[in-house]
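Structural overview for review
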Amino acid sequence: SAISNERSIEIALYGRAGGWWALAFTPKSESLRGLVRRVVVFGRAGDPVALQVAEASGDTTDTRLTDLHRNGDVPDAEIAAAFGAP
């Protein structure tokens, strides 16, 4: 595993190239830990397959990622609309 320390979030990567992997984001600051304990993206080879959010309350949300579009597959207008651009 490789770990990178940022000011407010610890980032850790587990797994191996071409196989299963997990990218974990763990808040360091008290203010962020009051909202979320950890966010983990799970993947296989070059594709993310699931997202897990562990909230400070103890609740956990697991989301399976399917039918993902890569950056070049999504028109700029659709990206702008999705993020609230006028």
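Residues numbered from 1 in each chain as written. Predicted model: local features only at pLDDT ≥ 70, side-chain atom pairs only at ≥ 80, totals over all residues. Heavy atoms only, no water.

1. Structural notes on the overall build of the protein
The secondary structure content of the protein amounts to two helices and six strands. Secondary structure elements in the protein, listed N-terminal to C-terminal, are β-β-β-α-β-β-β-α. Counting contacts in the protein only where the partners sit at least 6 residues apart, residues at least 24 apart contribute 9% of the total. Within the structure as shown, the protein displays about 6,500 Å² of accessible surface, and the carbon and sulfur contribution to it stands at 54%. (Helix = DSSP H or I, 4+ residues; strand = E, 2+ residues; numbered from the N terminus. Contact = heavy atoms within 4.5 Å. Areas by Shrake-Rupley, 256 points an atom, 1.4 Å probe, with all protein chains shown as cover.)

2. Comments concerning the side chain of Q52
Along the polypeptide, Q52 turns up in strand β5 (residues 47-55). Within the local environment of Q52, its side chain forms a polar contact with the side chain of D62, the two groups lying 2.9 Å apart. Beyond its immediate chain neighbours, meaning those up to four positions away, Q52 contacts R38, V39, V40, F42, T60, T61 and D62. (Polar contact = N/O pair within 3.5 Å; in protein donor to acceptor, adjacent residues only side chain to side chain.)

3. Digging into the pattern of salt bridges
Evaluated as defined, the whole model comprises one salt bridge. R33 is the salt-bridge partner of E30, the closest N and O atoms lying 2.2 Å from each other. Here E30 and its partner R33 are both found in helix α1 (residues 30-33), three residues apart, which amounts to about one turn of the helix. According to the relative accessible area criterion, E30 is exposed, its value standing at 61%. In this structure R33 comes out as partly exposed when scored by relative accessible area, which is 35%. (Salt bridge = Lys/Arg side-chain N within 4 Å of Asp/Glu carboxyl O. Buried < 20%, exposed > 50% of the residue type's maximum accessible area, 1.4 Å probe, protein only.)

4. Examining the pairing of strand β2 (residues 9-15)
Sheet topology note: the β2/strand β3 (residues 20-27) ladder contains seven bridges and is antiparallel. Opposite Y14, over in β3, you have A22 as the bridge partner. Counted along the chain from β2 to the antiparallel partner β3, the turn is four residues long, and its residue G18 has a positive phi close to 85 degrees. (Pairing = 2+ DSSP bridges.)

5. Some words on the pairing of strand β6 (residues 60-64)
Pairing analysis gives five bridges linking β5 to β6, with the strands arranged antiparallel. From the neighbouring strand, Q52 faces β6, where its bridge partner is D62. Between β5 and β6, which pair antiparallel and follow one another directly, the connecting turn spans four residues, one of which, G58, has a positive phi of 105 degrees.

6. Side note on the confidence of the model for the protein
Looking at the protein as a whole, its pLDDT mean stands at 85, while 87% of the residues score no less than 70. Considering only residues more than four positions removed or in separate chains, one finds that residues 1-5, a stretch of pLDDT under 50, has 13 contacts. (pLDDT = per-residue confidence, 0-100.)

7. Brief notes about unusual backbone geometry
Despite not being glycine, A45 has its phi angle at roughly 55 degrees, a positive value. Along the chain, the position of A45 falls in the loop between β4 (36-44) and β5. With relative accessibility at 42%, the residue A45 sits in the partly exposed group.

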